[in-house]
Amino acid sequence: MKTNTKVLLTGSMVLLVVLTYSLFLIFISWPIEVVNLKNIEVFSECFGFINALFSGLAFAGLLWTILLQSNEIKMQADELQLTRIEISRQNFENTFFQILKLQHEIVSSITKTDSDGTKWTGRTSFKGIYFELKNIYADELKRDKKKQPIDLIRFFNTKCFTPHSDINHYFKNIYNLLGFIEKSTLDDKNPYIKAVLAQLSDYELVVIFYNILSDTANKDIKRIVEIFQFYKDLPNGKLINEDHRKLYNALAFSTLQIQNCNKKQVVLLSHPEIPQ
């Protein structure tokens, strides 16, 4: 609307200039006593610059039209890009919530029975798993005091997590979910990480913490949880030994806000005791 107004105003000013000039020529030439071809030719030459002016304006109008069309094409391209981004986000969220729903179903199906007959079901099973890990760790440490923490952790992982158990299905699904978020092209992945963390109990976080350190876990998942600061809300005193925090990069426990979790943009904090 503003552009049309400017064009109309410019055209009106040009027309006013032309009319004023024409009236001025008639005024200084009036009265025309002798009308012949020579006088008419001289009089018409006075309008030569008017012809040049209109030719220039026609060319400028052509350029203006091309510019307007270019801007319109650019706007359409931007709108198309925004539409693609929105569709991509919607597709991502549909898959994300489907995997998250499956995670709930897996948790509900988990059962665990202790040696004393105590039965754990659903999310409470992770409390039972936690105590089992803690007992196995303590017993093995008594048996071999020289054993390194990472070796003890890998030992009780083999004791507690059999390849085809429900809990391993749980691990595969949540690691798949984290990998799916990490590989997405979203500008801000934090809301989805927060949505995942909101579903996890403290005992789940601890069990995940130790399972990732096992020999069977996907090695890339450790880097992903570090980038996502996955343990930043893990309470002190929950781990079997608080020194085990050193087995991860310090970023995994950091509360520093990272706007875009991207492995190409985030440089992990260095730590001499962190296994890479």
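Details of the structure are given in the entry above.
These numbers were taken from a predicted model, which means no experiment stands behind them. (Residues numbered from 1 in each chain as written. Predicted model: local features only at pLDDT ≥ 70, side-chain atom pairs only at ≥ 80, totals over all residues. Heavy atoms only, no water.)

Within the protein chain, the secondary structure is distributed over nine helices and two strands. Ordered by position from the N terminus, the helices and strands of the protein chain form the series α-α-α-β-β-α-α-α-α-α-α. Counting only contacts in the protein chain whose residues sit at least 6 apart along the sequence, the fraction spanning at least 24 positions is 66%. On the protein chain, roughly 17,800 Å² of surface is accessible, and the fraction owed to carbon and sulfur atoms is 60%. (Helix = DSSP H or I, 4+ residues; strand = E, 2+ residues; numbered from the N terminus. Contact = heavy atoms within 4.5 Å. Areas by Shrake-Rupley, 256 points an atom, 1.4 Å probe, with all protein chains shown as cover.)

Here phenylalanine 126 lies in helix H4 (residues 125-143). Judged by relative accessible area, phenylalanine 126 falls into the buried class, the value being 0%. Sequence-wise, phenylalanine 126 and isoleucine 167 are 41 residues apart; in three dimensions their C-alpha atoms are separated by 9.1 Å. The contacts of phenylalanine 126, once residues within four sequence positions are left out, are Ile110, Ile167, Tyr170, Tyr203, Glu204 and Val207. (Buried < 20%, exposed > 50% of the residue type's maximum accessible area, 1.4 Å probe, protein only.)

Attention now moves to the packing of helix H6 (residues 166-183) against helix H8 (residues 202-211). As a packed pair, H6 and H8 sit with axes 12 Å apart at the nearest point and diverge in direction by 90°. Compared by their axis directions, H6 and H8 come out roughly perpendicular. Here Tyr170, Phe171, Ile174 and Tyr175 of H6 come into contact with H8, specifically with Glu204, Val207, Ile208 and Asn211. Tallied by class, the residues present in the contact of H6 with H8 amount to six nonpolar, one polar and one charged. (Axes fitted to C-alpha atoms, helices over the stretch in contact; angles between N-to-C directions. Parallel < 35°, antiparallel > 145°, perpendicular 65-115°, else oblique. Nonpolar A, V, L, I, M, F, W, Y, C, P; charged D, E, K, R; others polar.)

Turning our eyes to something else, we now look at unusual backbone geometry. Despite not being glycine, glutamine 229 has its phi angle at roughly 50°, a positive value. Mapped onto the fold, glutamine 229 is located in the segment after helix H9 (219-227). Overall, the relative accessible area of 1% leaves glutamine 229 in the buried class.

For helix H7 (residues 190-197), the full list of buried residues reads Asn190, Tyr192, Ile193, Val196 and Leu197. Relative to the axis of H7, the buried residues are bounded by an arc of 160° and lie together on one face. (Arc of directions from axis to C-beta.)

Further remarks concern the pattern of salt bridges. Within the structure shown, the criterion is met by nine salt bridges. Arginine 223 serves as the salt-bridge partner of aspartate 220, at 2.9 Å between the closest nitrogen and oxygen. In this pair, aspartate 220 and arginine 223 both sit in helix H9, three residues apart, roughly one turn of the helix. Between glutamate 226 and lysine 222 there is a salt bridge, with its nearest N and O atoms 2.8 Å apart. In this pair, glutamate 226 and lysine 222 both sit in helix H9, four residues apart, roughly one turn of the helix. Neither glutamate 226 nor lysine 222 differs from the other in exposure class; each is buried. Ionic contacts of the salt-bridge type, sharing partners, join the residues Glu86, Arg89 and Glu93 into one network. (Salt bridge = Lys/Arg side-chain N within 4 Å of Asp/Glu carboxyl O.)

Turning next to a nonpolar patch on the surface. Where nonpolar side chains cluster on the molecular surface, the patch consists of Phe59, Leu62, Leu63 and Ile66 and spans about 400 Å² of accessible area. Locating leucine 62 in the fold gives a position in helix H3 (residues 48-109). Under the relative-accessibility criterion, leucine 62 is labelled partly exposed at 47%. (Patch = residues over 30% accessible without salt bridge, like charges linked within 9 Å, V, L, I, M, F, W, Y side chains within 5 Å.)

Before going further, it helps to examine the packing of aromatic side chains. Using the criterion set out here, one finds 19 aromatic pairs in the structure. The interplanar angle of 65° and the centroid separation of 5.3 Å between the aromatic rings of tyrosine 130 and phenylalanine 131 together place this pair among those described as edge-to-face. For phenylalanine 131, a relative accessible area of 34% translates into the label partly exposed. For the ring pair tyrosine 248 and phenylalanine 253, a centre distance of 6.4 Å and an interplane angle of 85° mean the geometry is edge-to-face. Overall, the relative accessible area of 1% leaves tyrosine 248 in the buried class. Following the ring pairs from residue to residue traces out a cluster consisting of Phe209, Tyr210, Phe230, Tyr231, Tyr248 and Phe253. The ring of tyrosine 248 has lysine 222 sitting right over it, with the charged end atom 5.3 Å from the ring centre. (Phe/Tyr/Trp six-rings, centres within 6.5 Å; stacked < 30°, edge-to-face > 60°. Lys NZ or Arg CZ within 6 Å of the ring centre and 35° of its normal.)

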